[in-house]
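A structural walkthrough
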Amino acid sequence: MSARPTTPASPKNAKVKSPSPGSPMFGCEHVQLLFGQGQEVMNSSIAHYKMILRGIFDATPIVPQTSTNQEGRPVTSLTSNYLCLQCPTTVSEDDRLKHGTKKSHRFYVDSRSGSLYCQICDDLVWDPTLEELRVRKIGTGSFTIGRKRKHDELFTDSIKEDPRYISSNTTIASCRANGLRGIYNAGATCYQNVVLQSFLHNPLLRNFYLSDGHHSNDCQVPHCLSCAMDDMFQDFYALENTNGYTAANILSGFWISERKAFENLVTTKEQDAHEFFQFLAEELHERTGDGKKPESGSEHSCNCIIHQTFYGKMLTTTTCQNCNGTSNSVQSFLDLSLGLDHLVQKRIRKTGQKKPALTLKECLDEEYIKSDKCEYRCNHCKGTQQARRHTTIKRLPNVLSVQLKRFEYRQGRHDRAASKIDNGVRFPLQLNMLPYTQRVRSRDSRENLELERSCTYDLLSVVVHVGEIETGHYVSYCRVGDQWFKFNDHKVELASLSEVLGAQAYLLFYIIRSLA
Amino acid sequence: MNAATGRAGVVRAHDDAGSMDKLAHSVLDDVLYNIISDLLMKTHREEKTARATTAAIRVEKMASDASESSTPDSKPEVRIETDAAIYEDGKVLLKGNPLKTTPEILCPKCHLPRLLHPTDGKGSKKPDPSIIYCKKHPYIDKPGCDIYGQSWVGPGPGRGKKKKDVEKNTDSPTPEQRPPNVLSFPSATCSKCKRCILVTRLNNHMGSCIGNSGRNASRAAAQKLSNGGSQHDGTPPSSQKATPTPGSRAASPKKRDASDDDEESENSHKKKKHKPAVTKKVIIKTKPTLKKEKVKSLSSLSQEQKANYDNLTSSVDVAPKKVVNKSVSPIKKLKVGNKPPLGSPKPKVKHIREADGESESSGTLSSPPAPH
């Protein structure tokens, strides 16, 4: 069920989700009977369901996982227990029927997922009203829609939310148009294609462009890259075409753009996907943002879609070893670049393995938990001193992009003696960034859960470099819903999870789980 | 403890195993059970919700058909009952378990039946040809094909392929009879020269047409140097973009030079005066007619210039190319910065462009030669 912005139920009287076309009112006849018994029963049922959900998702799992057996002794199970919706009893799967016949209680909540089980149907039931509560609880940690949203609703034109208004003012895209298309390789442009695909399957950017975020019709900028992106999103999500896409506008916008920092990129030769990502981000920032050039290293904030999506802030604290004075500097970042070489060398020395495999966690620990020594000109001591430098993340972005520095350029960028580090780096589907932020865990377990939830990321797309540095090829994997797809230029294939997680990642894009 | 574990029944300890062994086995078994249960629950939710939606769509459709109301959105005042649902007062109430009552799935968007199996590859089934399905099909998992069952003519573009292979590729697809799901590489229009370029060569084309690759790169670099580092990012690129005549012509293929020249000779007399003189340096035989015109127009020039051009033409007529460059050196001093580098890859085109510069400057005699 989609989380439609309905008015939240008043605390006194619970309401059933108002009927919408194409969906039944209740999960089954029996839920209908339960709710039909009157307002009081409905209020208590929904309030109790909420309480059970809080117990499952906000507290330690040991409580819902523990039931009482026939002898009255508590039994804790790893598999699901069932919490009665009509009384505060927890039973194991086998005891459900007994409790039901004794008390005539027919509804239970699964202790691990919070889903509703109807004993008369002998099946799980997905009731629109209760399911919306469950999904919202899992997604945002609260049952009501965030305060900011509510505030917004006061000012938005209510007629625009009306489905009839929407249906009469929009053309409905074909069911085939799903954003899954390849992009043709225009001659060594696979490094662009992989980045474009990861943009195309980024929900934040997609929503921005599909909701007319960039007004292409009014845009006066010649060869505007944001217009080109807009066209591309339209072609991917509104056309039935399953053939590959020709990114001619992006390409010409890229050629025409004269960005000092990316001059090396503009050639007909194969280039670095990470540099193209930076280029695209900065170019789109300039087209959609405040027009200020992003200065690297400064604490630049902007409300453009690129900043809202990708930019975070990190804090570097330098502590003088002589006087213990500290100085802080805040920098905004587009991505986290993680060095591999140092860790690989260290591991080889330590274990003697020829090609040790690393994990993303180790790389992040190295950069954002450990501190390093540096020379530092201390204002207090009036001289150069030894100092400790520690970097943490001050503000996490909505989409966290990570670069694993696989390419080592020993001298210049054009030094052909560049080499590739092809050690495996394992990365998780789910990433907890809390240890790398400044936030500290509190004693309150519920606050901790909230905090952890706000720092949890899900893998969104992976850019992979295969082959040698000079003759290699880029492919990418993107997740759409729960299905992964492999994008190899114009070819789109289904990808298994093990294929994705086993790939030699170069760029990783993680998206925040709850946009709270 | 025993009653609640071992549900998956996959990981089992031996009967004579120690208690720690048994514990480890049952923990593993439980974890496995949970994984399977989570997967099952996810699929169950998707499937049952889709079937319930289908039952609702169907009964709503019947209600709106029965009411004969002209406005489709209004709630018809009828009561309709099917095997799976009841429609009453604008509400849909389920009857029984939709997993049992409703065998198929309708798309909530277009209300057409969903195709439930892929048409090709792994797990495929032949669709019923008499049914119009929703256009969202299950994705195809078949080696050599993409998720839509498409494949492409010839090997992948770009990497490691020689130019002639690509060209062969463009010719072949049209005459051949190939199945509809085998696609060929399309062409795209270059935003600058508006020519149709095969997609696999687009990047290379743009490199020479728009970009600063190849010869243009050196020119752009020189321009930047002369602008003193060019803090104004806008100027050098825009000036290159905005003056299409020298740049674009220089980049256009050699063949078209002759016709270009003819066109321009109509536009300005001054230009055609000098062009042949310099062009002749390289293509001596091709333009005999222009040579005559040159002689005619030379009379209108000042003495100094006449001398120069006499010097130039004579040296060209006699000497072979390499010597030309050397003998021309005095003129080089006069037209500073106009000379192309000796090692220029396409000297012919370069010289023509240079001629333009010279003719323009001499056309407006009052102004000094334009610094290039």
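In what follows, the structure referred to is the one given above.
Residues numbered from 1 in each chain as written. Chains lettered and ligands numbered in written order. Predicted model: local features only at pLDDT ≥ 70, side-chain atom pairs only at ≥ 80, totals over all residues. Heavy atoms only, no water.

Residues and elements named next belong to chain A. With 14 residues, helix H9 (residues 225–238) extends 19 Å between its outermost C-alpha atoms, agreeing within 8% with the 20 Å of an ideal straight helix rising 1.5 Å per residue. The buried count for H9 comes to 10 of 14 residues, which makes it a mostly enclosed element. Of all the residues in H9, the buried ones are Leu225, Ser226, Cys227, Ala228, Met229, Asp230, Met232, Phe233, Phe236 and Tyr237. For H9, the elements touching its buried residues are helix H7 (190–200), helix H8 (203–210), helix H10 (248–256) and helix H11 (273–288). (Helix = DSSP H or I, 4+ residues; strand = E, 2+ residues; numbered from the N terminus. Expected span 1.5 Å × (residues − 1). Buried < 20%, exposed > 50% of the residue type's maximum accessible area, 1.4 Å probe, protein only. Contact = heavy atoms within 4.5 Å.)

Our next topic: the sheet that holds strand E12 (residues 372–378) of chain A. All names here are of chain A. Sheet architecture is open: 4 strands sit in the order E9-E8-E13-E12, paired in antiparallel fashion. Two strands in the sheet have a free side with no partner beyond their single neighbour: strand E9 (326–333) and E12. Within the sheet, the average angular offset between the axes of one strand and its neighbour, ignoring direction, is 35°. Where E12 and strand E13 (residues 383–395) come together, 7 bridges link them in antiparallel fashion. Directly across from Tyr376, in E13, lies its bridge partner Gln385. Relative to the sheet, helix H14 (residues 360–368) contacts strand E8 (312–320) and E13, its axis offset from that of E13 by approximately 135°. (Pairing = 2+ DSSP bridges. Axes fitted to C-alpha atoms, helices over the stretch in contact; angles between N-to-C directions.)

This next bit is on the pattern of salt bridges. Enumeration according to the criterion identifies 24 salt bridges over all chains in this entry. With a closest N to O distance of 3.3 Å, A:Arg287 and A:Glu283 form a salt bridge. Highlighted residues: A:Arg287 and A:Glu283, both in helix H11, separated by 4 residues, approximately one helical turn. Owing to a relative accessible area of 28%, A:Arg287 belongs among the partly exposed residues under this scheme. Across the pair A:Lys355 and A:Asp422 runs a salt bridge whose closest N-O atoms are separated by 3.2 Å. Of this pair, A:Lys355 sits in the loop between helix H13 (341–351) and strand E11 (358–359) while A:Asp422 sits in the loop between strand E16 (419–420) and strand E17 (425–426), and the two are 67 residues apart along the sequence. Of the residues examined, A:Asp422 reaches a relative accessible area of 33% and is grouped as partly exposed. Here the salt bridges do not stand alone but share partners, grouping B:Arg79, B:Glu81, B:Glu88 and B:Lys95 into one network. (Salt bridge = Lys/Arg side-chain N within 4 Å of Asp/Glu carboxyl O.)

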